[in-house]
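A closer look at the structure
Each chain, letter by letter, is given below.
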Amino acid sequence: MKLSVKTAAGAGLVLARLALATAAPWPGRAAAQAPAVDAAGAPLAPDIDPGTLSRLPLPAPAELGPGAPLRNGQPAPTDEPQRLYSPKLAEAMNAAHRHVKYESGMDDRLIVIAVLVTARMANSQFEWTRWEMHGRGATPSRVEPEIVDLIKYCKPVVGLGPKETTIINFGREMFGPADKVSSATFADAVRLFGRQGVVDLVDLMGLYKITALEIKAYDARLDPKRYKPLLPPMSQTPLCSRA
């Protein structure tokens, strides 16, 4: 991705979901064109649809609920083909994503850092690969390589600004084995972002944790024609242990 989060919003792209789309998840994609393996070289399981590269195919028009978007009588293109089965859920989730990404006032770059922490702690290859590619791009939301690698390889948070430090610590504590975010980290977040900002940060990370669970449930695969997996196995250190 080459657009900033806000620019992408203006262009009508659902940039930060990045979750369940593939190169051509629409009817008419020939089975012969579908990859036999995913981006990691793993064979596709029998239950993986060759169009969406996940367990749910794009629904037929007759399967769509009321209010689902159509184009020329077919399901309209979306980055979330699975959610077309539940249009009301899709509408509510899209509204929540739109707020935390485009309306909360958080800097684009900090949004990327928050999503990367979430993807790392969820051990989500799909989310991480697409967001690392975006975060390393030449855009206003670009994240410094040393910060990307710090998150990626579960390194101690040293030498960063207070906002970056707090977001990384907050995500590691929220998704880690402890039963709560520490009082000190929470107080830092309130001081830096305000109470509403903390709520938006928690829900931003929470929404992308949901995305990681959806990817896991639907066994969504990266398209090998577009992506090379970038996330190494999680190092089970105190900094990156999961609950």
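Residues numbered from 1 in each chain as written. Predicted model: local features only at pLDDT ≥ 70, side-chain atom pairs only at ≥ 80, totals over all residues. Heavy atoms only, no water.

Attention now goes to the overall build of the chain. Counting secondary structure elements, the chain contains seven helices and two strands. Helices and strands appear in the chain in the N-to-C order α-β-β-α-α-α-α-α-α. Each of the 243 residues in the chain was classed as buried or not, and the buried ones make up 47%. A sequence separation of at least 24 residues applies to 70% of the contacts in the chain between residues at least 6 apart. Carbon and sulfur atoms provide 57% of the accessible area of the chain, an area that totals close to 11500 Å². (Helix = DSSP H or I, 4+ residues; strand = E, 2+ residues; numbered from the N terminus. Buried < 20%, exposed > 50% of the residue type's maximum accessible area, 1.4 Å probe, protein only. Contact = heavy atoms within 4.5 Å. Areas by Shrake-Rupley, 256 points an atom, 1.4 Å probe, with all protein chains shown as cover.)

This part takes up the packing of aromatic side chains. Applying the stated criterion across every chain yields a total of two aromatic pairs. Here the aromatic rings of Trp 131 and Tyr 208 are separated by 5.8 Å at their centres, their planes lie at 80 degrees, and the arrangement is edge-to-face. In this pair, Trp 131 is assigned in helix 4 (residues 125–135) and Tyr 208 in helix 7 (residues 183–218), connecting sequence segments 77 residues apart. Assessed through its relative accessible area of 0%, Trp 131 is described here as buried. Each ring, one from Phe 170 and one from Phe 186, has its centre 6.3 Å from the other, and the planes form 35 degrees; the classification is tilted. In this pair, Phe 170 is assigned in helix 6 (residues 162–175) and Phe 186 in helix 7, connecting sequence segments 16 residues apart. For Phe 170, a relative accessible area of 2% translates into the label buried. Residue Phe 186 is classed as partly exposed on the basis of its relative accessible area, which comes to 41%. (Phe/Tyr/Trp six-rings, centres within 6.5 Å; stacked < 30°, edge-to-face > 60°.)

Attention now moves to the layout of surface pockets. Space left empty within the atom packing is revealed by a probe, the size of a water molecule, rolled over the atoms. For the second largest pocket, the calculated volume is near 460 Å³. Secondary-structure elements contributing two or more residues to the lining of the second largest pocket are helix 3 (108–122), helix 4 and helix 7. Among the residues forming the lining of the second largest pocket, the class breakdown is eleven nonpolar, three polar and six charged. (1 Å grid on protein atoms, 1.4 Å probe; cavity = no way out; pocket = protein on both sides within 12 Å on 5 of 7 lines; lining within 4 Å. Points joined across faces, edges and corners; volume = space filled by probe spheres on them. Nonpolar A, V, L, I, M, F, W, Y, C, P; charged D, E, K, R; others polar.)

A separate point is the packing of helix 3 against helix 7. Interhelical geometry of helix 3 versus helix 7 gives an angle of 45 degrees and a closest axis separation of 9 Å. Put simply, helix 3 runs oblique to helix 7. When you trace helix 3 past helix 7, the crossing you get is right-handed. Contact residues: Leu 110, Ile 111, Ala 114, Val 115, Val 117, Thr 118 and Ala 122 in helix 3; Phe 193, Leu 201, Leu 204, Met 205, Tyr 208, Lys 209 and Ala 212 in helix 7. A class-by-class count of the residues in the contact of helix 3 with helix 7 yields twelve nonpolar, one polar and one charged. (Axes fitted to C-alpha atoms, helices over the stretch in contact; angles between N-to-C directions. Parallel < 35°, antiparallel > 145°, perpendicular 65-115°, else oblique. Left-handed = near helix turned anticlockwise from the far one by under 90°.)

It is worth spelling out the state of the cysteines at this point. Applying the stated criterion across every chain yields a total of one disulfide. Each sulfur of the disulfide joining Cys 154 and Cys 240 lies 2.1 Å from the other. Measuring handedness by torsion sign, the sulfur bridge of Cys 154 and Cys 240 sits at about -105 degrees and is left-handed. Pair noted here: Cys 154 is in the loop between helix 5 (145–152) and helix 6 and Cys 240 is in the segment after helix 7, with a separation of 86 residues, a long-range link. For the residue pair Cys 154 and Cys 240, the accessibility class agrees, reading buried in each case. (Disulfide = S-S within 2.5 Å.)

Once that is clear, we can look at the nonpolar core. Soluble globular proteins tend to bury their nonpolar side chains together. Formed by 39 residues in total, the largest nonpolar core has its most connected members in Ile 113, Ile 151, Ile 167, Ile 168 and Leu 204. Residue assignment for this core shows that the elements contributing at least two residues are helix 2 (87–103), helix 3, helix 4, helix 5, helix 6 and helix 7. At ten residues, the largest contribution of residues to this core is made by helix 3. Setting aside its immediate chain neighbours within four residues, Ile 168 contacts Ile 113, Val 117, Ile 147, Leu 150, Ile 151, Val 157 and Leu 160. (Core = buried A, V, L, I, M, F, W, Y, C linked by side-chain atoms within 4.5 Å.)

Of the residues in the chain, 79% have a pLDDT of 70 or more, and the chain-wide mean is 82. Per-residue pLDDT stays below 50 along residues 1–32; that stretch engages in 92 contacts with residues further than four places along the chain or on separate chains. (pLDDT = per-residue confidence, 0-100.)

Another point: the environment of Pro 43. Looking at the element boundaries, Pro 43 is found in the loop between helix 1 (5–10) and strand 1 (70–71). Overall, Pro 43 belongs to the exposed group, its relative accessible area being 61%. Ignoring sequence-local partners within four residues, the contact set of Pro 43 consists of Ala 36, Val 37 and Arg 221.

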